[in-house]
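Structure at a glance
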Amino acid sequence: MPDTNVLLSGLTSRAGPARDLFLAAQRFEVLFVLSDEHFAEMQRVLTYPAVLALGGGISAADAFGLATELYRVAQVVSPLQRYDWPSCPDPKDWYLLDLLMTSEADAIVSKDAHLRQMRTKLGVPVYEPKELIRLGLLGSGESGDGHVR
């Protein structure tokens, strides 16, 4: 279950662990578990000039295509059961923890230090994309055969 930064990186990069994760989802080797909050956050961040410049530039048509592709390869869970996460200092990340609990997904994939600290603080499975490859949960490149939900 990737966060928005990992999604955008996977969608706009030509190579790297986040791209490998996205390609694995397109091949249905990995199931992305997303929520309405993912799409709301994508809508918000796709107004930022720095985000629109990713991968050589994202047009409105590109953004629509990316959203459509995410719906094709993901399980969208709605509504989410809400929990309190006082140990997570960024309330904007709480929806990811809620989604993990509601969907019983295997892990959150994030580069966010606040979320990665949840692994130590609460035992919540949070991994960076490169960790999935190192742990053998995701193969590197297009021949990957790992399975992460």
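A short tour of the structure in this document, coming up. Fair warning: this is a prediction, and the values are worked out from it, not measured in the lab. (Residues numbered from 1 in each chain as written. Predicted model: local features only at pLDDT ≥ 70, side-chain atom pairs only at ≥ 80, totals over all residues. Heavy atoms only, no water.)

Some details on the overall build of the chain
The test is simple: Helix and strand assignments follow DSSP, with helices taken as H or I runs no shorter than four residues and strands as E runs no shorter than two, numbered in order from the N terminus. Only C-alpha atoms enter the radius of gyration; for comparison, a globular chain is expected to reach 2.2 Å times N to the power 0.38, where N is the number of residues. Contacts were defined at the residue level, with two residues in contact if any of their heavy atoms lie within 4.5 Å. All accessible-area figures derive from a Shrake-Rupley calculation using a 1.4 Å probe, and residue coverage is judged against the displayed protein chains alone. Counted as positive: Lys and Arg. Counted as negative: Asp and Glu, with His and the chain ends omitted from the count. One atom stands in for each charge, and that atom is NZ of Lys, CZ of Arg, CG of Asp or CD of Glu.
Counting its regular elements, the chain contains eight helices and four strands. Since a compact globule built from 149 residues should have a radius of gyration of about 15 Å, the 15 Å found for the chain is in line with a globular shape. Its C-alpha atoms give the chain principal-axis dimensions of about 40 × 35 × 25 Å. At a minimum sequence separation of 6, the contacts of the chain that also span at least 24 residues come to 61%. By element, 54% of the accessible surface of the chain is carried by carbon and sulfur atoms, the whole surface being about 7,600 Å². A distance of 5 Å separates the average location of the 14 positive side-chain charges in the chain from that of its 19 negative side-chain charges.

Remarks on unusual backbone geometry
How we decide: Burial classes: relative accessible area under 20% of the type maximum marks a residue as buried, over 50% as exposed, and values in between as partly exposed (1.4 Å probe, protein chains only).
Of note, the amide linkage connecting Ser78 to Pro79 takes the cis form, showing an omega dihedral of -5 degrees. Structurally, Pro79 is set in the loop between β2 (74-77) and α6 (94-103). We note that Glu104 has phi near 60 degrees; this positive angle belongs to a residue other than glycine. Looking at the secondary structure, you find Glu104 in the loop between α6 and β3 (108-109). Among the residues examined, Glu104 registers a relative accessible area of 60% and is labelled exposed.

Bear in mind that shape data such as this cannot, by itself, settle questions of function.
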